[in-house]
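Each chain, written out:
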Amino acid sequence: MRSRFHVAALALASSLLLGACSHHFGPGIADLPASQGWQPLPIGSWVLNDGLEARSMVFCPRESCTRQGFAAVIALEGEQASDMEKALSESPASLGRAFAQLAAAKATERRKAQRRLKKKPDAKPEARSATDVARIDSDDAKGVLVTIRSLDTAGREAVTAILYGREADRLVVALGVSDTAEAARRDAQAAWRSR
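What comes next concerns the included structure.

What counts and how
Residues numbered from 1 in each chain as written. Predicted model: local features only at pLDDT ≥ 70, side-chain atom pairs only at ≥ 80, totals over all residues. Heavy atoms only, no water. Pairing = 2+ DSSP bridges. Helix = DSSP H or I, 4+ residues; strand = E, 2+ residues; numbered from the N terminus. Contact = heavy atoms within 4.5 Å. Axes fitted to C-alpha atoms, helices over the stretch in contact; angles between N-to-C directions. Core = buried A, V, L, I, M, F, W, Y, C linked by side-chain atoms within 4.5 Å. Buried < 20%, exposed > 50% of the residue type's maximum accessible area, 1.4 Å probe, protein only.

Structural notes on the sheet that holds strand β6 (residues 157–167)
- Taken together, the seven strands give an open sheet; going across it, the order is β1-β2-β3-β7-β6-β5-β4, and neighbouring strands pair in antiparallel fashion. Unpaired on one side and paired on the other, β1 (39–40) and β4 (129–135) mark the two borders of the sheet.
- Relative to strand β7 (residues 170–178), β6 is paired through nine bridges, and the arrangement is antiparallel. When the bridges of β7 are listed, R166 appears paired with L171.
- Its contacts with the sheet place helix α4 (residues 181–193) against β3 (69–77), β5 (142–150), β6 and β7, and it is angled at close to 145° to β7.

Structural data, given as structure tokens:
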């Protein structure tokens with residue numbers, strides 16, 4: 001009798017721990033199930049910014065998927081929500097330029113560091129990628145498709161589909177990232193439906 005009690009207590013403790021861990025990983029995305037290789041990512045302590053809520057994040061690694069991908073649903077509130085909505089609605093191309101400026105700033109810092117060390121700085125590199133931005137609005141969400149194409153390798157690209165809309169005082173954003181526009185849109189739409 002005594003050993004049965006320990007087994008029951010151990011089973012109860014294990015189920016509570018598993019339940020706590022499953023919440024830590026978020027609910028996943030119904031249309032992107034684990035049976036197809038999609039793995040939920042831990043979101044319990046992922047976001048530390050006030051006003052930003054990670055609702056679900058899933059990743060399909062190369063080992064278990066024919067096409068690697070990432071999808072997520074986040075919600076923003078307050079000033080972050082307003083700033084993000086303004087950037088996505090009014091000037092989505094500025095997001096692509098911001099990423100390009102960030103890369104250029106890092107390259108400039110590397111050249112400055114090389115000069116300080118009295119090394120010949122690397123030549124300013126030519127652009128190795130191009131960014132295209134297109135609207136993909138639908139009846140229930142506004143959207144943006146951002147494609148970054150390699151200028152060195154034909155056919156090599158990364159695509160992010162972003163769907164967004166208001167939910168009371170929050171801005172909900174669904175993301176899909178893949179190597180083709182079709183897959184990125186499909187994954188973003190699956191994330192949007194799960195919001």
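Some points on the nonpolar core
- By size, the foremost hydrophobic cluster in this structure holds 22 residues, and its most contacted members are I29, L32 and L163.
- Mapped by element, the contributors of at least two residues to this core are β2 (52–60), β3, β6, β7 and α4.
- Top element by residues in this core is α4. It accounts for five residues.
- Each residue touching I29, except ones within four places of it in the same chain, is listed here: S56, V58, A71, A72, A190, A191 and S194.
- By size, the runner-up hydrophobic cluster in this structure holds 14 residues, among which are A54, M57, A72 and L171.

Some words on the environment of V173
- Relative to the elements of secondary structure, V173 occurs in strand β7.
- Distance from V173 to R55, taken between C-alpha atoms, is 9.9 Å for residues 118 residues apart in sequence.
- Other than its neighbours up to four places away in sequence, V173 contacts A72, V73, I74, L76, I162, L163 and Y164.

So, the environment of Q189
- Of note, Q189 is situated in helix α4.
- Linking Q189 and A141, residues 48 residues apart in sequence, is a C-alpha distance of 9.6 Å.

Quick notes on unusual backbone geometry
- You will see that A168, though not glycine, has its phi angle at about 60°, which is positive.
- Mapped onto the elements of the fold, A168 is located in the loop between β6 and β7.
- A residue is classified by how much of its surface remains accessible, and A168, at 77% relative accessible area, is exposed.

Honestly, that's just the spatial picture; any functional story needs more than this.
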